[in-house]
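# Understanding the architecture of this molecule
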Amino acid sequence: MQRALMGRDAKILERCGSTNDVARDWARADAPHLAIVVADAQEAGRGRQGRSWLADPGDALLASIIVRPTLEPSRWGLLPLLTGVAAAVAIEQRTGVHVGLKWPNDLVFDARKLGGILCEADPGEWAVLGIGINVSSSPASETEATSLAAAGALRLDRADLAASLLSAVDAVLRSPDAAMIRYEERSVTVGMRVRASTLDGGAIVGLAIGLDPDGALQIETDDGEVARVHAGDVEHLRPE
Ligand code: BTN
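From a predicted model like this one, the values you see are computed outputs, not experimental measurements. Residues take numbers from 1 onward in each chain, read along the sequence in its written order. For a predicted model such as this one, the threshold for reporting local features is a pLDDT of at least 70, and the threshold for listing and counting side-chain atom pairs is 80 or more; totals across whole chains, interfaces and linings nevertheless cover every residue. To obtain the side-chain values, all non-hydrogen atoms of the structure were included, while hydrogens and water were left out.

Not every one of the 20 residues close to the ligand is listed here, only the nearest: S18, Q42, R46, R48 and K113. Counted as a polar contact is a pair of N or O atoms within 3.5 Å, where, for protein atoms, one must be capable of donating a hydrogen and the other of accepting one, and residues adjacent in sequence contribute only when both atoms are in side chains. Backbone polar atom of R46 to a nitrogen atom of the ligand: 2.7 Å apart, as the coordinates give it. When the ligand sits alone it has 410 Å² of accessible area, and the protein chains cover 99% of it. When atom positions are compared with the pocket grids, the ligand is found to occupy the largest pocket. Of all the elements in the fold, those that place two or more residues in the shell around the ligand are α1 (19–28), β4 (60–67), β7 (112–122) and β8 (126–134). Looking at the shell around the ligand, the element that brings in the most residues is β7, giving 4 residues. Following the grouping adopted for this structure description, the nonpolar residues are Ala, Val, Leu, Ile, Met, Phe, Trp, Tyr, Cys and Pro, the charged ones are Asp, Glu, Lys and Arg, and the polar ones are all others, Gly among them. Of the residues belonging to the shell around the ligand, the class tally is 6 nonpolar, 10 polar and 4 charged. Consider each residue's heavy atoms; a residue with any of them within 4 Å of a molecule or strand counts as near. Per-residue and other accessible areas were derived by the Shrake-Rupley procedure at a 1.4 Å probe size, with only the shown protein chains allowed to occlude residues. Of the grid points, spaced at 1 Å and generated over the protein atoms alone, those admitting a 1.4 Å probe that cannot get out make up cavities, while open sets with protein on both sides within 12 Å along at least five of seven lines make up pockets; any residue with an atom within 4 Å of a point is treated as lining. Think of it this way: a molecule belongs to a cavity or pocket when more than half its atoms come within 2 Å of the grid points there. We count a stretch as a helix when DSSP gives it H or I for four or more residues in a row; a strand needs E for two or more, and each element gets its number in order from the N terminus.

On to unusual backbone geometry, then. For the bond running from W103 to P104, omega is 0°, close enough to zero to count as cis. With respect to the helices and strands, the residue P104 is situated in the loop between β5 (100–102) and β6 (106–109). Even without glycine at this site, Q49 takes up a positive phi of about 55°. Looking at the secondary structure, you find Q49 in the loop between β3 (35–42) and β4.

Given below as structure tokens:
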């Protein structure tokens, strides 16, 4: 097993259940800031909101980065958004493919999902930034997904992308305010009419008008109120 990447502690695995689970156990033990777990294949890859994350072996970058940020704990809720910015920057550096961010942190190209992020944390102690990026193809069952190869990046080495990801995560954590400006620039949600599904099973429909400093999405509803959504999924709607 390879034990270093870009001078950072690393576990490079052929397969595992979920890289986030391996990283979480390592974080609870002694993993240093910016240690990384990468796998060619996951048997139980996890997505947001209890969904599973599918990728055919060798087709995706499956990585979990352990961080011990100096961000004040009240701002740890920004970590998923900051990770989205880092992933978008790393992809663009390696491939030239321009990546948009669908709130909160789906990586999209041409309105299709290129990758996703699952962050898990013990706030104030550690966070695991789990990143899945479809590199050479997306699973056939995921009809709304795309890959970097489909976007034109045909010869991308996953280890190189992981290395760029580490540098980009380091950079966004050093300058979170600047990174949040980059987030808004890349947002494909702000300016769209959306339906947000909230965690309590409700829905808010309206125009996405911006982000709060804590990353919540501001939605102006049809009665002119501004609602704030802190977690959940959004669906982009056609303008009326
Ligand atoms: C989502 O869009 O639902 C988030 C998907 C996150 C997938 C990545 S793959 C690497 C890491 N390990 C996991 O089990 N999940 C994340």
